[in-house]
Every structure is written in C-alpha cells, then in structure tokens.
Amino acid sequence: MSFARLSAWGLDTGMCALMYAIQRRHRLHAGSRAEMERYIAAHAPLSREEYFAAPPAAVSGEAFAENAAPLHWASPVTTAFPANDRTHIDLFPGPRGWSAPTVFMLHALMSASDRGYRRWAADFNARGWNACFVHLPYHYSRTPPGHWKGELAITADAVRNCEGLRAGVSELRQLLALLRARGGTEFALWASSYGGWIAALLLSVEPDWRWAALMEPIANVEHAIWHSPTGLALRRELRRADIAPELLARLYPLVSPGHAAPLVESERVIFCAGGYDRIARAADIARMHETWRGSELLQVAQGHFGYRMMPAVWARLEERGLL
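Described in the following lines is the structure provided in the data block. (Residues numbered from 1 in each chain as written. Predicted model: local features only at pLDDT ≥ 70, side-chain atom pairs only at ≥ 80, totals over all residues. Heavy atoms only, no water.)

**Section: the pairing of strand β3 (residues 130-134)**
Going by this rule: Here's how the labels work: a residue is buried when its accessible area is under 20% of the maximum for its type, exposed when over 50%, partly exposed in between, all with a 1.4 Å probe on protein chains only. Helix and strand assignments follow DSSP, with helices taken as H or I runs no shorter than four residues and strands as E runs no shorter than two, numbered in order from the N terminus. Strands are labelled as partners when DSSP assigns at least two bridges between them. Throughout, right-handed denotes a crossover for which the path from the first strand over the helix to the second runs clockwise when the strands point away from the viewer.
The element β3 is extensively covered by neighbouring structure, given that 5 of its 5 residues are classed as buried. Residue alternation in β3 divides its side chains into two sets, Asn130, Cys132 and Val134 and Ala131 and Phe133, and both sets are buried. Note that strand β1 (residues 89-92) and β3 share 4 bridges and pair antiparallel. In the sheet register, Leu91 faces β3, and the bridge partner there is Cys132. Pairing between strand β2 (residues 102-106) and β3: 5 bridges, direction parallel. Bridge pairing in β3 links Met105 to Phe133. After leaving β2, the chain enters helix α4 (residues 115-126) and then returns to the sheet as β3, a path that is right-handed.

**Digging into the sheet that holds strand β7 (residues 296-300)**
We count it as follows: Helix axes use the C-alpha atoms of the stretch in contact, all axes being lines fitted to C-alpha atoms, and the angles between their N-to-C directions lie in the range 0 to 180 degrees.
Pairing within the open sheet is mixed, and its 7 strands lie in the order β1-β3-β2-β4-β5-β6-β7. Every other strand in the sheet has two partners, leaving β1 and β7 as the edge strands with one partner each. Between one strand axis and the next, the sheet turns through 15° on average, direction left out of account. Of the strand pairs in this sheet, strand β4 (residues 187-192) and strand β5 (residues 211-215) are connected by 5 bridges, and their pairing is parallel.

**Focus: the packing of helix α5 (residues 158-181) against helix α6 (residues 194-203)**
Heads up, the condition is: For classification purposes, angles smaller than 35 degrees are called roughly parallel, those larger than 145 roughly antiparallel, those between 65 and 115 roughly perpendicular, and all remaining angles oblique. Note: crossing handedness is left-handed where the near helix turns anticlockwise from the far helix by less than a right angle, and right-handed where it turns clockwise. Pairs of residues are marked as contacts when any of their non-hydrogen atoms sit within 4.5 Å. Residues are sorted three ways: Asp, Glu, Lys and Arg are charged, Ala, Val, Leu, Ile, Met, Phe, Trp, Tyr, Cys and Pro are nonpolar, and all the rest, Gly among them, are polar.
One can describe the packing of α5 onto α6 by two numbers: an axis separation of 9 Å at closest approach and a directional angle of 60°. Here α6 runs oblique to α5, going by the angle between their axes. Relative to α6, the crossing made by α5 is right-handed. Only Tyr194, Trp197, Ile198, Leu201 and Leu202 of α6 make contact with α5, whose side of the interface consists of Gly164, Leu165, Gly168, Val169, Leu172 and Arg173. Residues of the contact of α5 with α6, tallied by class, amount to 8 nonpolar, 2 polar and 1 charged.

**Comments concerning the pattern of salt bridges**
Cut-off, in case you're wondering: Any Lys or Arg side-chain nitrogen found within 4 Å of a carboxyl oxygen on Asp or Glu counts as a salt bridge.
Per the counting criterion, the structure on display carries 21 salt bridges. A salt bridge links Asp284 to Arg287, with the shortest nitrogen-to-oxygen separation between them at 2.4 Å. Within this pair, Asp284 and its partner Arg287 are both found in helix α11 (residues 282-291), separated by 3 residues, close to a single helical turn. Given a relative accessible area of 5%, Asp284 falls into the buried group. By relative accessible area, which is 47% here, Arg287 ends up partly exposed. The salt bridge partner of Glu296 is Arg320, with a shortest N-O separation of 2.7 Å. With Glu296 in strand β7 and Arg320 in the segment after α12 (309-319), this pair connects stretches of sequence that are 24 residues apart. According to the relative accessible area criterion, Glu296 is buried, its value standing at 17%.

**Concerning the pairing of β7**
Successive side chains on a regular strand alternate, one facing one side of the sheet and the next facing the other. Only one face of β7 is buried, namely the one carrying Glu296, Leu298 and Val300, since none of Leu297 and Gln299 on the opposite face is buried. Strand direction decides the pairing type here: strand β6 (residues 269-274) and β7, joined by 5 bridges, are parallel. The residue bridging Cys272 from the neighbouring strand is Leu298, located in β7. As a crossover connection, the stretch from β6 through α11 into β7 is right-handed.

So, to be careful, I would describe these as geometric facts and stop short of saying anything about function.
Written out as structure tokens, the structure reads:
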C-alpha cells in the first residue's frame, strides 16, 4: 500500500470513527418507520420543482448594503430546531458589486471552520468575483445548542436528512432570486461533499450557472447509507427500526443527485473525486460524470478528507479561463 493511500485510509478511518460516535447519539423511536412512511406518501409524488419550491425570501431592502453584514431570512423549511430555521450567508463582495459574477461556497458535512473558505473568498474577490459562504442546515450559526456542527444534518432520521437537503436547495434558490434582483446574471458553485450533494440537486432545478465545481459529491446515496464506513451507525439504526433499503429508496428520485439530469449544460460541470475515497467513491462519481455527458472529471490522490482537491479544481478553472 502506497504512503498516500495509507494516509488517506488512516484519515478517513479516524473521521468515520468520530462520525460513528456522534451519530450513535441519535436513536430512532418506535414510530420512526410510520413517520417515514407518512413523509414518503406526502412527498414522493412531488416533482423536484415542487419539492424544492422557493418562495420569495423576506429580507430588508438594505440587506446587501453593508459589506460585513451576514444575510439572514427565515428558511422556507421549518424544523424542531429554531436555531436551524434561519439562513445565514456570509457575504464577500468583490470590487465590481453584486452585478458581477458570484460564487456560492458550500461546505462539507460537519465542517468545523470557515477559515479556509475565507481564503478562497479572497482569491475569488481578487479575480473580480463576489463570494457567498453559505451556512448549510445544522452547521455553523445554525447548530442547535448542545450539538456539534452538522451533527443533525445526516443521522438515521431520514426525514430530517431529507428536510435538511430540501432546505439547503430551496434557500439557495431564494439567494439566487435575491442576487438576480440586484443585477446578478452569472453564478457558480464551489461545493464539497455534503455541499456537493446539495449543489448537484440545485443543478437539477436551476439552469443559470457559469460553472459548477462538485468536489466528492455524494453521487451514490444508496452506497453512502448502506455500505460506506460513514453509514455504519445509520444502517444499524435503520435496520433496528425495520426500515429496509427498498423503503428508503422511494425518496431517491427527490434527493439523490443521480436520479435527475442537470438543467445546466454539462460542459459547465467539473467533478473531482478522491482516488482513495470510500464514501463518495471515484467509481460512483465517474458514473455520474458519464451520465452528465460533456462534464469533466478530475481525480486526486486523497481519501474523502484531504486538502488536495480544491487547489486542483482551482488550477483547472484557471486553465479553462472560467475565473
């Protein structure tokens, strides 16, 4: 085994063990299966356009006036956690104002620090771009008291998982509408892992993207839940609650990236996979790339957790003249 592969295995194993310990805190109850069946009955007949509906966001007219002020509004998806029900967008305006291109930066599951994203925002600003760092559901400012960042985003509670994905997509659609109202016409996605999952879903309902960089997105939801090392605690709870893979699969047409084509031209999409990734496997991302004909696929020598991917994607965007 090469040193790079061994290092990737060790890092991924350590992170998966931490996630297992955290996810084990969340047990399903006796009515979980019935709750899920009710959710499926209510939502499975919907189209993605209906499921990810985005009513106008209620923000003040001065929402974009102060460079340092985050952008907030009430999420269109309400949950049992008030802290999660208010969006939070950190704005990094470039030198040309909000009519210039804007990139949405969507972080990974349980992302603990925005320090790196702030550096990338500065790089985008230097190229004339605006940047928006989006606090995804249950992360950062939206973390309910007593929980880790992102702890509640993915657990054995499939209904809460779906509602989190639904909120993430719907809120981004609202953000797009707000930026269009301020003269924005060009947008891009810089998205990793859980953020890449949400970005891929967003591409199936919104067409206006200059480019989209999807780094290790969860391309195969079935594998992530039922076979990957991060899904160990989830599948044990699901089986204990008598929730079979076939039941959960009824939601995939709504929340699985592989179940709908993007509205944007696939040539504008760059996938990046980790060659040693056991969560968002390179083979699954490659199959998605093949389905999205014309998209580009990069591969780097890392596992799911690592730091080589973003510099590689940035370099490729530069080569293609997309920045």
